[in-house]
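Listed below, chain by chain, are the residues.
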Amino acid sequence: MTVTSLLIANRGEIAIRIARAAAGLGIRTVGVHSQDDGESLHTRVTDVSVALPGTGAAAYLDMAAVIAAARETGCDAVHSYGFLSERGVREGLRRCRSHLHQAGVEHLDLFGDKAQARLAAAAAGVPVLRGLDHPVSEDEAASFLGSLGPGGAMIIKAVAGGGGRGTRAVFAGDEVAAAYQRCQSEARAAFGSPTSTWRSSSPAPGTWRCRSLATPTGAVDSPGRTRLQRTAAIQKVVEIAPAPGLDPALRKAIHAAALTFARSTGYRSLGTFEFLVDVSGRAGATPFVFIEANARLQVEHTVTEEVTGVDLVQAQLELARGATLAALGLDAPDVARPRGFAIQARVNMETMLADGSVRPSGGTLAVYEAPGGPGVRTDGFGYAGYTTTTAFDSLLAKVIGHAPGRDAAAAAARTARALSEFRIEGVGTNIPLLRAILAHPDFAAGRTHTRWVEEHAAELAATATDERPRYFDGAPRGSIEGFAGARVTSRDPLALFAHDAEVKARTGGPGTGSGTAVPTRGDGSIGLVAPIQGTIVSIDVAVDSVVRGGQRVAVVGR
């Protein structure tokens, strides 16, 4: 396949990442943007930028508009990584195969349907979760959870899509109804289909992902990694590769299962195979089970790149142009051998409150100075003067720290220090939370699982304070007429407090709620702040309703 001009069907740091990789191969790039996203940095990093009709995520999901932009700008390929990675690409491939760069439509169909992918894995001899692979009713879901016995847990997952939308973990019978309705609402809003399946789960699973590159002549796997996620919004916050504390024999078995599944389906290109590892210690539990496969790159590919030294985006493009693994030097036995540890911390526009809940933030970036230095990488799209939008994910940047030794704690320390050097003013961020996670003894020791952040929310909130930043915060420095910082005089006894509040407002420090003030009205009503950025899917209360504590008032979809 000839790839000389590439349209990138995404935005923000993802589009920037692809544009940089393509530039290294001499490939011209075309960026696209919605009508309300023209100031995103990716529109300047690509060689050409085209406005799509519409606003918000819907504009990026308009397959016809994306293909039209590719044709008008002379592109011979479209890179899909995110918005159009599954449903949109499948439809586009059927209509315009020669204009798209991605795995084959048959694999997008297979992997895009979580139920069918699970059946294919089982047919290949890969262990899978016990579950129901057909659309189920609320009563069936409740009955299935009851059949798991004491301590059983269940996951509801949308058949199509991903990114945590339409996915909920259920641990008790009285949680089924709310989880079922919410997953249907989210899946319908995000993917156009409310169809879901149900699966059993360990109460404390760890997530393990294997990334593979495959061609007709061979396949290679990469070190797996584990993740921590904030389950309030099913959002990943930290990833580490390779997974610390994992038994070598179990690691080898998971890698073998991933390659077995890829080969059994004849998969080509780059893909991610996800498994759950049981860390509950239950007697007789299956050590690991397959969850899903994704025929694409994913946001956390950075940690794999750092520990292998392989540019996965460039490798994907080279394979699409007909290269073999051998020609790229990726068939060597030691390619998948991890070189130290790498950690990715997702810097989101949100702050953590004292009770462990999160509050979204937004506004105009007054300052954006990313960290650097040996072993530090920052993939982001912020710049001073950029006004953020709630129409998209709250992710602002990914900070990746890599340490070449055998100690995961060294990578955690490097990543934490890099975060302390990240100067962002104008919006609140979750950097204090990320630093608290990295400093916790459970992290480097590998004693974490997918519910760990939720279970330790109060503890993390207590330690998620703004420690000494390793940058100047913009306040006056040095001595000016004998004064440094805020000038405190007898006529202005509160100047120091005012100065402190000003600095916190600029830096989005704890307690400021930067960009997220609770709205009030003259009639005495008080607004609510959503726990995540996104679009309101449904309003579940009526005017003059009495709302009890903990009651759901709305569903917000990312």
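Not measured: the values here are computed from a predicted model. (Residues numbered from 1 in each chain as written. Predicted model: local features only at pLDDT ≥ 70, side-chain atom pairs only at ≥ 80, totals over all residues. Heavy atoms only, no water.)

Let's shift gears to the overall build of the chain. Counting secondary structure elements, the chain contains 18 helices and 23 strands. Each of the 558 residues in the chain was classed as buried or not, and the buried ones make up 53%. Taking contacts inside the chain between residues at least 6 apart in sequence as the whole, the part at least 24 apart equals 65%. By element, 54% of the accessible surface of the chain is carried by carbon and sulfur atoms, the whole surface being about 23100 Å². (Helix = DSSP H or I, 4+ residues; strand = E, 2+ residues; numbered from the N terminus. Buried < 20%, exposed > 50% of the residue type's maximum accessible area, 1.4 Å probe, protein only. Contact = heavy atoms within 4.5 Å. Areas by Shrake-Rupley, 256 points an atom, 1.4 Å probe, with all protein chains shown as cover.)

The subject of this paragraph is helix α14 (residues 431-439). Across the nine residues that make up α14, a large majority, eight, are buried. Those residues of α14 that sit buried are I431, P432, L433, L434, R435, A436, I437 and L438.

Bringing the environment of V45 into the picture now. Its place among the elements puts V45 in helix α2 (residues 42-45). Linking V45 and V30, residues 15 residues apart in sequence, is a C-alpha distance of 9.4 Å.

Under the defined criterion, the tally for this structure stands at 13 salt bridges. For the salt bridge of E305 with R377, the shortest nitrogen-to-oxygen distance reads 2.9 Å. In this pair, E305 is assigned in helix α11 (residues 301-308) and R377 in strand β19 (residues 376-380), connecting sequence segments 72 residues apart. Overall, R377 belongs to the buried group, its relative accessible area being 16%. Of the charged contacts in the structure, one is a salt bridge between R321 and E318, with a shortest N-O distance of 3.2 Å. A relative accessible area of 22% means that E318 is categorised as partly exposed. If you follow the salt bridges from partner to partner, you end up with R17, E305, E306, D311, R377 and D379 in one network. (Salt bridge = Lys/Arg side-chain N within 4 Å of Asp/Glu carboxyl O.)

According to the stated counting rule, one finds twelve aromatic pairs in the structure shown. Consider the rings of F261 and F290, whose centres lie 5.1 Å apart with planes at 75°: the pair is edge-to-face. Note that F261 is positioned in helix α10 (residues 248-264) and F290 in strand β14 (residues 288-294), a separation of 29 residues in sequence. Of the two residues examined, F261 and F290, each falls in the buried class. When the ring centre of F392 is taken as origin, the NZ or CZ atom of R11, which lies over that ring, is 4.0 Å away. (Phe/Tyr/Trp six-rings, centres within 6.5 Å; stacked < 30°, edge-to-face > 60°. Lys NZ or Arg CZ within 6 Å of the ring centre and 35° of its normal.)

On to the sheet that holds strand β2 (residues 28-33). Across the sheet, which stays open at both edges, the four strands sit in the order β3-β2-β1-β4 with parallel pairing between neighbours. The sheet is open, and its two borders are formed by β3 (48-51) and β4 (77-79), each paired with just one other strand. Each neighbouring strand pair of the sheet contributes to a mean axis angle of 30°, computed without reference to strand direction. In this fold helix α4 (residues 63-72) packs onto β1 (5-8), β2, β3 and β4, with an angle of close to 155° to the strand it touches most, β1. (Pairing = 2+ DSSP bridges. Axes fitted to C-alpha atoms, helices over the stretch in contact; angles between N-to-C directions.)

Bringing the packing of helix α1 (residues 12-24) against helix α12 (residues 312-320) into the picture now. Viewed as axis vectors pointing N to C, α1 and α12 meet at an angle of 60°, and their least axial separation amounts to 9 Å. Taken as axis vectors, α1 and α12 run oblique relative to one another. Seen along the crossing, α1 lies across α12 with a hand that is right-handed. The segment α1 lies against α12, with R17, I18, A21, A22 and G24 engaging L312, V313, Q314 and L317. Of the residues in the contact of α1 with α12, the class split is six nonpolar, two polar and one charged. (Parallel < 35°, antiparallel > 145°, perpendicular 65-115°, else oblique. Left-handed = near helix turned anticlockwise from the far one by under 90°. Nonpolar A, V, L, I, M, F, W, Y, C, P; charged D, E, K, R; others polar.)

Another aspect to go through is the pairing of β19. The element β19 is largely enclosed, with a buried count of five among its five residues. Note that β19 and strand β20 (residues 395-403) share five bridges and pair antiparallel. In the sheet register, V376 faces β20, and the bridge partner there is G401.

Right, let's talk about α10 for a bit. The terminal C-alpha atoms of α10, which comprises 17 residues, lie 24 Å apart, in line with the 24 Å expected from a rise of 1.5 Å per residue. For α10, the set of buried residues is L250, I254, H255, A257, A258, L259, F261 and A262. Capping the start of α10, D247 holds a side-chain oxygen 3.0 Å from the backbone nitrogen of A249, two or three residues further along. (Expected span 1.5 Å × (residues − 1). Polar contact = N/O pair within 3.5 Å; in protein donor to acceptor, adjacent residues only side chain to side chain.)

As a further point, take the nonpolar core. One finds V347, I424 and I437 to be the most contacted residues of the largest nonpolar core, which totals 41 residues. If you list the elements that add at least two residues to this core, you get β12 (235-241), β15 (341-348), β20, α13 (408-420), α14, α16 (452-455) and α17 (457-463). With residues near it in sequence (within four places) discarded, V347 still touches S394, L395, L396, A397, V399, L419, F422, I424, T429, N430, I431 and L434. L297, V299, L312 and L330 belong to the second largest nonpolar core, which has 25 residues in total. (Core = buried A, V, L, I, M, F, W, Y, C linked by side-chain atoms within 4.5 Å.)

A few words now on the environment of T286. Among the secondary structure elements, T286 is positioned in the loop between β13 (269-278) and β14. With a relative accessible area of 44%, T286 lands in the partly exposed category. Distance from T286 to L276, taken between C-alpha atoms, is 9.8 Å for residues ten residues apart in sequence. When sequence neighbours within four positions are dropped, the list of residues in contact with T286 reads P127 and D278.

This part takes up the environment of V553. Mapping V553 onto the fold places it in the loop between β22 (535-539) and β23 (554-557). Separated by 14 residues in sequence, V553 and I539 place their C-alpha atoms 6.1 Å apart.

Time to look at unusual backbone geometry. Note: most peptide bonds trans; most residues except glycine with negative phi. Note the cis peptide between A241 and P242, where omega equals -10°. Within the element layout of this structure, P242 appears in the loop between β12 and α10. Of note in the backbone geometry, D544 takes a positive phi value of approximately 75° without being a glycine. Looking at the secondary structure, you find D544 in the loop between β22 and β23.

Position of R17 among the secondary structure elements: in helix α1. Within the structure, the side chain of R17 is placed 2.9 Å from the side chain of D311, a separation counted as a polar contact. The residues contacting R17, other than those within four sequence positions of it, are H301, E305, D311, L312, V313, R377 and D379.

Chain-level statistics for the chain give a pLDDT mean of 78 and a share of 72% at 70 or above. Here residues 97-102 is modelled with pLDDT under 50, and outside its nearest four sequence neighbours on either side it reaches 29 contacts, counting other chains as well. Overall, residues 194-205 carries pLDDT values under 50, and its contacts beyond four positions in sequence, including any with other chains, amount to 70 contacts. (pLDDT = per-residue confidence, 0-100.)

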